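Observations on chain architecture
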Amino acid sequence: MQTDREHSLLSVESLQRVFVTREGFTTTRLEAVAGASFAIRNDQPEIYTLAGESGSGKTTLARLVLGLEHATSGNMYYKGRDVLHLTNKERRDWFLKEVQPIFQDPFATFSPLKRIDSYLYETTRNYKMATTREGIDAHVDEALHAVGLSLAEIRGRYPNELSGGQAQRVSVARALLTRPSLLVADEPVSMLDASLRMSIVNLFRSLRDDYKVSVLYITHDLTTAYYAADRIAIMLRGWVVESGPVEKVLGEPLHPYTQNLKNAIPEADPEKTWEGDASLAVMDTEEYTRTGCRYAGRCPAVMDICKTTVPRDIEVQGRSVKCFLYDEEVPEAERMQAMANGGLVA
Amino acid sequence: MSPEAAASAGMEQARVNEEARNVVEAEGLKAWYITQAYGVERTVKAVDDLTLSIREGEIYGIAGESGCGKSTLLKALLGEIVSPLTIVGGKVEYEFDAGKIDALKQTAEDREAIRWRRVSYIPQGSMHVLNPVRRIRDTFHDFIAAHQETTREKSIEMARSYLQELGLREGVLGNYPHQLSGGMRQRVTIALATILTPRLIFADEPTTALDVVVQRGVIELLKEVQQRENSTLVLVTHDMGVHANLTNRVAVLYAGNLVEEADTSTIFRRPRHPYTRYLIESLPRMGDRSERVGIPGRPPALDNPPDGCRFHPRCPLATDICRQEVPPLLPVEGIGNGTGPPHRVACFHQVDAPLEAGEIEHATEMPHAD
């Protein structure tokens, strides 16, 4: 891990966030992000996906990365610098320029009473990216060009005059104004329909290839993740349960949970209908407080050890998996039996 | 799949529906939003001259981009007409055992009499409709008691056995909505909407904004509910993956018009309308990372739609006739054996080729799909 820091754009190490709620005399601890680790590479830009069900801690992790949420424990390094303990000045002058957010609903991002271009002007001025009027116009226009729009098209327009896809493009353009190296996009396509989804995901691909911007793409839509991402981390109740190159993790998933996710994708092909059963959680919170593996309650290949002990991350077949089925300390016969019970692919 | 196989699958579908009668018939339906502000009248033709029939026992999908009139069509089919939505022309009829019912001319009492028992509706975002201060079992009791004679014990027993049949945990009856996960709430709402065994179920984007695992649970539940009583399910969603997995027949809407209607396998394998072909081709697929482009241009504003075929400004095959005349929705000749519902297309330049082989020629300059 120590060496990774230097070579990573963003290195997240055992990050934890605990929410504590008190009702009367009872205290409930909810570990929304539980020791999650991943790294985005520095040598070339990439699209890194965080995927999982609703309530898996994806959004909390994104907010931790953006500094909107304080980490309970763990470390986070950006370009080798500790970013959990920045002064306000460092944060504003350096980190926020480098890492910019894009949010889920473009119509909630922009106030309906303000002209949409005013956000672009404000961001440019706040970060002192340009000072003269012409300079600001040129800077804004350049960012809009990167997303396939132009200042002439959106000048003086209100958000309701734009389509969902256009408004989301403007919010990407706004994020690009500070010339960031990393965009954190939290469910940027879940409010859009299929063809608009593709246009935003294609935009991320072009930002990566033509503008050398990395994207942390948070989504539950695995088909667009597969299409766009280079690497992916699958989250389950605050854990990263499987991470690695997207062709490996989604192509041949190993963790029973990833297999469940992949099986649940409705493929746009009437021939490929679902196999097996989908296993769903009845309540969101019960899995967070489970001892042992958090998936044990739903896992078809559950073993006795899963119910009592937290699995460790195992490096296997080019990815990292948090599952006892691949842990060589568990007798092989037992693991084979469990996989056969669960009907999983070994 | 070969085209022959596709055609035979289509025929099989036709055979399933051979004996079936139409449950819903809409003819020349025009549902417009008419508003008057400061003396300026604005008309949005959200559904314009639409004719369709839905057969008993089928799952009928309605697909299209946002803003193409899907939800408006559903409101019109339901007979839920609230100003500024106005029915300018056409009719919608239901046919149940008791004879035909005109959906657009029902009084409030008529509607009350058939709602939930014959015609049911699962709204968009239905996981938020449960009363937060009542336990699920009380919500079930309130619901059943509002529509038929019952006692608390009877209705809770009814709810329990129904949940059991659908494979949901009956323990949820004792919970409050906030204690359940979003997917469980959504499924409880579907159970609630269908407990009085309606013959006809309308579902508006029941899976949008749900993650894949929950979505699959909801779709499987809808299938279960539909098969239990062989009821008819009309499903509106923009998610083509859901259509592929659930529906028997799909209608593709574009800018308030029905542009193509066929059995699901034909829509995915051998669509004839350029818009449908774009729609299917633009979908990302697992195992294929090659670049896919969205549909060029954007859907027209419906207060001033283009003349002729409404798709012509975005269509690579458009010619003069498309700019001047509205293409009629006609059955494709020589397909099927004349007993099943026909494959209908509204296009002057239909493409008769399976999708893999006959890709549309993309325009050289691709505008963004906004």
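Conventions and cut-offs
Residues numbered from 1 in each chain as written. Chains lettered and ligands numbered in written order. Predicted model: local features only at pLDDT ≥ 70, side-chain atom pairs only at ≥ 80, totals over all residues. Heavy atoms only, no water. Helix = DSSP H or I, 4+ residues; strand = E, 2+ residues; numbered from the N terminus. Buried < 20%, exposed > 50% of the residue type's maximum accessible area, 1.4 Å probe, protein only. Areas by Shrake-Rupley, 256 points an atom, 1.4 Å probe, with all protein chains shown as cover. Rg over C-alpha atoms; globule rule 2.2 N^0.38 Å. Pairing = 2+ DSSP bridges. Contact = heavy atoms within 4.5 Å. Axes fitted to C-alpha atoms, helices over the stretch in contact; angles between N-to-C directions. Parallel < 35°, antiparallel > 145°, perpendicular 65-115°, else oblique. Left-handed = near helix turned anticlockwise from the far one by under 90°. Nonpolar A, V, L, I, M, F, W, Y, C, P; charged D, E, K, R; others polar. Buried area = accessible area lost by both parts, 1.4 Å probe. Salt bridge = Lys/Arg side-chain N within 4 Å of Asp/Glu carboxyl O. Core = buried A, V, L, I, M, F, W, Y, C linked by side-chain atoms within 4.5 Å. pLDDT = per-residue confidence, 0-100. Phe/Tyr/Trp six-rings, centres within 6.5 Å; stacked < 30°, edge-to-face > 60°. Lys NZ or Arg CZ within 6 Å of the ring centre and 35° of its normal.

**Concerning the overall build of chain B**
Secondary structure assignment for chain B yields eleven helices and twelve strands. Counting the 370 residues in chain B, one finds 54% classified as buried. Roughly 15800 Å² of accessible area belongs to chain B as shown, and the carbon and sulfur atoms make up 48% of that amount.

**Some remarks on the overall build of chain A**
On a plain count of helices and strands, chain A comes out with 13 helices and twelve strands. Expected size for 346 residues packed as a compact globule is a radius of gyration near 20 Å; at 22 Å, chain A falls within 12% of this value. Taking the principal axes of the C-alpha coordinates as reference, chain A spans close to 70 × 50 × 45 Å. Carbon and sulfur atoms make up 48% of the accessible area of chain A, which amounts to about 14800 Å² in all.

**Digging into the pairing of strand β7 (residues 200-204) of chain B**
All names here are of chain B. Along β7, five of the five residues are buried, which leaves the element largely enclosed by surrounding structure. Covered by surrounding structure in β7 are Leu-200, Phe-202 and Asp-204 together with Ile-201 and Ala-203, the residues of both alternating faces. In this sheet, strand β8 (residues 232-236) lies alongside β7 in parallel orientation, the contact comprising five bridges. Bridging from a neighbouring strand, Phe-202 pairs with Val-234 of β8.

**A closer look at the sheet that holds strand β4 (residues 73-78) of chain A**
Residues and elements named next belong to chain A. A sheet is described by the order of its strands in space; here four strands give the open sequence β2-β1-β4-β5, paired in antiparallel fashion. At either end of the open sheet lies a strand with only one pairing partner, and these are β2 (26-41) and β5 (81-82). Here strand β1 (residues 8-23) runs beside β2; their pairing, made up of 13 bridges, is antiparallel. Among the inter-strand pairings, Gln-16 is bridged to a residue of β2, identified as Ala-34. Helix-sheet contacts for helix α2 (residues 58-66) involve β1, β2 and β4, and the interaxial angle to β1 is about 115 degrees.

**As for the packing of helix α12 (residues 256-264) of chain A against helix α7 (residues 212-229) of chain B**
Orientation of α12 of chain A relative to α7 of chain B, taken along the N-to-C sense of each, is 55 degrees, at an axis distance of 8 Å. Here α12 of chain A lies oblique to α7 of chain B, going by the angle between them. Helix-helix and strand crossings are classified by hand; for α12 of chain A and α7 of chain B the assignment is left-handed. Contacts between α12 of chain A and α7 of chain B involve Asn-260, Leu-261, Asn-263 and Ala-264 of chain A on the former and, on the latter, Val-212, Val-213 and Arg-216 of chain B. When grouped by side-chain class, the residues that make up the contact of α12 of chain A with α7 of chain B number four nonpolar, two polar and one charged.

**Remarks on the packing of helix α4 (residues 136-145) of chain B against helix α6 (residues 182-194) of chain B**
All names here are of chain B. It is at 10 Å that the axes of α4 and α6 come closest, and there the two elements cross at 25 degrees. Relative to α6, the element α4 is oriented roughly parallel. For the crossing formed where α4 meets α6, the hand is right-handed. Across from Ile-136, Thr-139, Phe-140 and Phe-143 in α4, the residues of α6 making contact are Val-188, Ala-191 and Leu-192. Here the residues of the contact of α4 with α6 are counted per class, giving six nonpolar, one polar and no charged.

**Digging into the interface of chain A and chain B**
Where the parts come together, the accessible area they lose is often given as the size of the interface. Taken residue by residue, the interface counts 55 residues in chain A and 51 residues in chain B. Both sides together, the interface formed by chain A and chain B hides about 4600 Å², and carbon and sulfur atoms give 56% of it. The shortest N-O distance in the salt bridge between Glu-247 of chain A and Arg-289 of chain B comes to 2.9 Å. For the side of chain A that touches chain B, the secondary structure elements donating two or more residues are α8 (164-176), α9 (194-211), α10 (222-228), α11 (246-249) and α12 of chain A. Tallying contributions element by element places α9 of chain A first for the side of chain A that touches chain B, with eight residues. Residues belonging to the side of chain A that touches chain B are distributed by class as follows: 24 nonpolar, 16 polar and 15 charged.

**Focus on the nonpolar core**
All names here are of chain A. Ranked by internal contacts, the top residues of the largest apolar core, which has 42 residues, are Val-172, Leu-176, Phe-204 and Leu-207. Elements with a minimum of two residues in this core: α5 (116-126), α6 (133-146), α7 (151-154), α8, β7 (182-186), α9, β8 (214-219) and α10. Per-element tally for this core: the top contributor is α9, with seven residues. Setting aside residues no more than four positions away along its own chain, Leu-207 makes contact with Ala-146, Val-172, Leu-176, Leu-183, Lys-212 and Val-213.

**Notes on the pattern of salt bridges**
Oppositely charged side chains can form a pair if their charged atoms are brought close together. Taken as a whole, this structure holds 43 salt bridges over all chains when the rule is applied. A salt bridge links Arg-179 of chain A to Glu-142 of chain A, with the shortest nitrogen-to-oxygen separation between them at 3.3 Å. One end of the pair, Arg-179 of chain A, is in the loop between α8 and β7; the other, Glu-142 of chain A, is in helix α6, and 37 residues separate them in sequence. When its relative accessible area of 51% is taken as the criterion, Arg-179 of chain A is described as exposed. Owing to a relative accessible area of 44%, Glu-142 of chain A belongs among the partly exposed residues under this scheme. Through salt bridges with shared partners, a single network forms among Glu-58, Arg-249, Glu-261 and Arg-344 of chain B.

**Thoughts on the sheet that holds strand β9 (residues 231-236) of chain A**
Residues and elements named next belong to chain A. Pairing in this open sheet of eight strands is mixed, and the strands run β6-β7-β8-β3-β9-β10-β12-β11 from one edge to the other. Only two strands of the sheet have a single neighbouring strand rather than two, namely β6 (99-102) and β11 (313-316). Pairwise comparison of adjacent strand axes, ignoring direction, gives a mean angle of 20 degrees for this sheet. In terms of strand pairing, β6 meets β7 through four bridges, oriented parallel. Across the sheet, residue Gln-100 finds its bridge partner in β7, namely Leu-183. Against the sheet, α8 engages β6 and β7, with an angle of about 170 degrees to β6.

**Thoughts on the confidence of the model for chain B**
Residues and elements named next belong to chain B. On average, residues of chain B score 83 in pLDDT, and 89% of them reach the 70 mark or higher. This stretch, residues 6-17, has a pLDDT under 50; its non-local contacts, to residues over four places away or in other chains, come to twelve contacts. Confidence over residues 357-370 falls short of pLDDT 50; this stretch has 36 contacts with residues more than four positions distant or in other chains.

**Brief notes about the packing of aromatic side chains**
Applying the stated criterion across every chain yields a total of twelve aromatic pairs over all chains. Where Trp-94 of chain A meets Phe-95 of chain A, the ring centres are 6.2 Å apart and the plane angle is 50 degrees; that geometry is what we call tilted. Exposure class is identical for Trp-94 of chain A and Phe-95 of chain A. Each is buried. For the pair Tyr-257 of chain A and Tyr-295 of chain A, a centre-to-centre distance of 5.3 Å together with 70 degrees between the ring planes defines the contact as edge-to-face. Note that Tyr-257 of chain A is positioned in helix α12 and Tyr-295 of chain A in the loop between α12 and β11, a separation of 38 residues in sequence. For Tyr-257 of chain A, a relative accessible area of 0% corresponds to the buried category. Classification of Tyr-295 of chain A as buried rests on a relative accessible area of 1%. Taken together, the aromatic side chains of Tyr-78, Trp-94 and Phe-95 of chain A make up a single cluster linked through ring pairs. Lys-45 of chain B extends its terminal NZ or CZ atom over the ring of Trp-32 of chain B, reaching a point 4.9 Å from the ring centre.

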